[in-house]
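Descriptive analysis of the structure
Here is how the chains run, residue by residue.
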Amino acid sequence: MKNIIISAAVLAVAGTAMSAPVRAQEFTLKPVAEARLRYEQVDQDGLAKQADALTVRARAGLVATSGALSASVVGQGTLAVIDRYYDGVNGAATRPIVADPDNIALYIAQLQYKTKALTLTGGRQKIVLDDERFVGNVAFRDNAQTFDAVRAEWAPAKGLKLDVSYAWSVRTIWGFQGKGARQQAVSGDNILANLSYVTPVGTLTGFGYMVDQDEAAMQGFRMSSQTYGVRLAGGRPLSKVAKISYQFSYARQSDHHRNPNNYSADYWLADATLDVRGWKLNAGYEVLGASSGAALTSFQTPLGTNFKFQGWADKFLVTPANGVRDLYVGGGYGWKQLGPMTGVALAATWHRFDSDRLNLHYGNEWNLIASAKVKKTALSVRYAHYDAKAMATDTDKLWLQADWAI
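Starting from 1, residues in each chain are numbered consecutively following that chain's sequence as written. Given that the model is predicted, a residue must reach a pLDDT of at least 70 before its local features are reported, and side-chain atom pairs must reach 80 or more before they are shown or counted; all residues, however, enter totals for whole chains, interfaces and linings. Hydrogen atoms and water are omitted, and side-chain values are computed over all heavy atoms in the structure.

Under an unreviewed UniProt entry, the chain has the name Alginate export domain-containing protein and belongs to Sphingobium psychrophilum.

Written out as structure tokens, the structure reads:
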């Protein structure tokens, strides 16, 4: 749908004899409309019944723009058509969890001022930093995650960018029914700072995230932390048909604000992907370390899009007390077009999970995905198989998903 453009003429008059020329100012209204249909099935050892969830998620809203100013309002609703699952907030956990409870909410409500060098955003908004390991939108879940925040993005020179946010509330994936350990929103004074510079070998980023979780009902203060680190992400061609991309990251985390645990823990990531004529080969090693203090705790990422990391079976959304080391290898192939489908891709990844402390082998996991796009609809089939050793139980998950947006 094309934007609706309304032009208005403004005439300024000075005295009775002089008048300024007519000046046109553009005011644009852009509609937002998205829909998702997803079936998720989970079979988990230790639970007699499997989970079957067919959910529908819809979003609608408007973005109004005039010059450098814009206002965005987007509402969303999630409905379970088939609800034979535990949604995390309602019912007994006699079936595996599928974290998509029914919900209706104000998803985005923000004001923004944007120029070439400066962007200021206030209100309910998405905040996605780097690869979303520490701060993200959790877009895979129907209700996603947004922030009530003010954010400043400043690019004073070519290749240099400062990104600083203050968030007083995190709107979680649990929606308006959230309660107990899974609240609708988590309050606190969160400061998210990111300074990046584009170098010849990639984008070098220094970051500092002070996470303040004040919800006593969910003992969120145990997740309050301060994390400081550095990240390098880049790539380069190897030949006319081959290129390599890479990312390296290190961070140090310790307790913050009301967290009663006196601890410190390290984070490491090394990842590389080789792309040759449509083939992709990927390998990496990620460590969320165990604490070096007396407290039995570990490196945590409560604001991250954790589904993207350490396997889709979601066994490590909260890092175990002994930490986790994830060795992974994967590969896939893609086609630009197959018949009516574009962006067709097949991929598989294998993970080996071990503890950072005590030398435990938690388990192994396979992740498989097939995805494509037909006009404005993105289609995907995912499968995850977790083979438990020293943590959790064997689990199989299957997703069939269609996403549409104007």
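**Some thoughts on the overall build of the chain**
Stated formally: Secondary structure follows DSSP: runs of H or I at least 4 residues long count as helices, runs of E at least 2 residues long count as strands, and numbering of each begins at the N terminus. A radius of gyration in this sense is built from C-alpha atoms; the matching globule rule multiplies 2.2 Å by the number of residues raised to 0.38. Contact between two residues is taken to exist if any of their heavy atoms lie within 4.5 Å; hydrogens are not considered. Shrake-Rupley sampling with a 1.4 Å probe provides the accessible areas, and residues are treated as covered by the protein chains on show and by no other component.
Broken down by element type, the chain carries 0 helices and 21 strands. What you see for the chain is a C-alpha radius of gyration of 23 Å, in line with the 22 Å of a compact globule of 406 residues. Referenced to the eigenvectors of the C-alpha coordinate spread, the extents of the chain come out at roughly 90 × 55 × 50 Å. Restricting the contact set of the chain to residue pairs at least 6 apart, pairs at least 24 apart contribute 56%. Accessible area for the chain stands at about 20,200 Å²; split by element, carbon and sulfur atoms hold 62% of it.

**A word on the environment of Ala272**
How we decide: Only protein chains enter the accessibility calculation, which uses a 1.4 Å probe; a residue whose area is less than 20% of its type maximum is buried, one above 50% is exposed, and one in between is partly exposed.
Topologically, Ala272 is positioned in strand E15 (residues 264–276). According to the relative accessible area criterion, Ala272 is partly exposed, its value standing at 30%. As a C-alpha pair, Ala272 and Glu132 span 140 residues in sequence and 17 Å in three-dimensional space. Apart from the residues lying within four places of it in its own chain, the contact partners of Ala272 are Ser245, Tyr246, Leu281, Asn282 and Ala283.

**Things to note about the side chain of Asn103**
What counts here: Two N or O atoms count as a polar contact when they lie within 3.5 Å, although within protein this holds only if one can serve as hydrogen donor and the other as acceptor, and sequence-adjacent residues are included solely when both atoms are side-chain atoms.
Note on placement: Asn103 falls in strand E7 (residues 103–114). On the basis of relative accessible area, Asn103 is assigned to the buried category, the value being 6%. At 3.3 Å, the side chain of Asn103 forms a polar contact with the side chain of Asn143. In contact with Asn103, other than residues within four places in its own chain, are Gln76, Gly77, Thr78, Asn143, Gly175 and Phe176.

**A few points about the pattern of salt bridges**
Selection rule: Each salt bridge in this description consists of a side-chain nitrogen of Lys or Arg and a carboxyl oxygen of Asp or Glu lying within 4 Å of one another.
Evaluated as defined, the whole model comprises 20 salt bridges. Here Arg36 makes a salt bridge to Asp142, at a shortest N to O gap of 3.2 Å. Of this pair, Arg36 sits in strand E4 (residues 23–44) while Asp142 sits in the loop between strand E8 (118–125) and strand E9 (146–157); the two residues are 106 residues apart in sequence, bridging distant segments of the chain. Taken as a pair, Arg36 and Asp142 share a single burial class, namely buried. Here Asp387 and Lys389 are joined by a salt bridge, their closest N and O atoms 3.4 Å apart. When its relative accessible area of 25% is taken as the criterion, Asp387 is described as partly exposed. A single network of salt bridges, built from pairs that share partners, joins Arg36, Arg38, Glu40, Asp100, Arg141, Asp142 and Asp403.

**Comments concerning the side chain of Arg141**
On the secondary structure map, Arg141 appears in the loop between E8 and E9. Here the side chain of Arg141 touches Asp100 through a polar contact of 2.8 Å, side chain to side chain. Leaving out residues up to four positions away in the same chain, Arg141 has contacts with Arg36, Arg38, Glu40, Arg57, Val98, Ala99, Asp100, Ile173 and Asp314.

**Thoughts on a nonpolar patch on the surface**
Keep this limit in mind: Patch membership requires more than 30% relative accessible area and the absence of a salt bridge. Residues of like charge join within 9 Å; the nonpolar side chains Val, Leu, Ile, Met, Phe, Trp and Tyr join within 5 Å.
Taken together, the side chains of Val150, Trp154, Leu162, Val164, Tyr166, Trp168, Ile191 and Leu195 define a hydrophobic patch exposed on the protein surface, amounting to about 660 Å² of accessible area. At the level of elements, E9, strand E10 (160–171) and strand E11 (185–199) are the ones that each hand at least two residues to the nonpolar patch. Counting residues per element, the nonpolar patch draws most heavily on E10, which supplies 4 residues. When you line up the elements, Tyr166 lands in strand E10. According to the relative accessible area criterion, Tyr166 is partly exposed, its value standing at 31%.

**Re the nonpolar core**
The condition that has to hold: The term nonpolar core refers to a set of buried residues drawn from Ala, Val, Leu, Ile, Met, Phe, Trp, Tyr and Cys, joined through side-chain atoms within 4.5 Å.
Membership of the largest hydrophobic core comes to 28 residues, with the highest contact counts inside it found for Phe134, Val135, Phe147, Tyr209, Tyr267, Phe299 and Tyr386. Elements that contribute at least two residues to this core include exactly E9, E10, strand E12 (202–211), E15, strand E17 (324–338) and strand E20 (377–388). Every residue in contact with Phe147, bar those within four places of it in the chain, is listed here: Gly123, Arg124, Gln125, Ile127, Val135, Gly136, Ala167, Ser169, Val170 and Leu303.

**Description of unusual backbone geometry**
Here Gln310, not a glycine, exhibits a phi torsion of approximately 55°, which is positive. For Gln310, the position within the fold is in the loop between strand E16 (279–288) and E17. Accessibility expressed as a relative area gives 3% for Gln310, which makes it buried.

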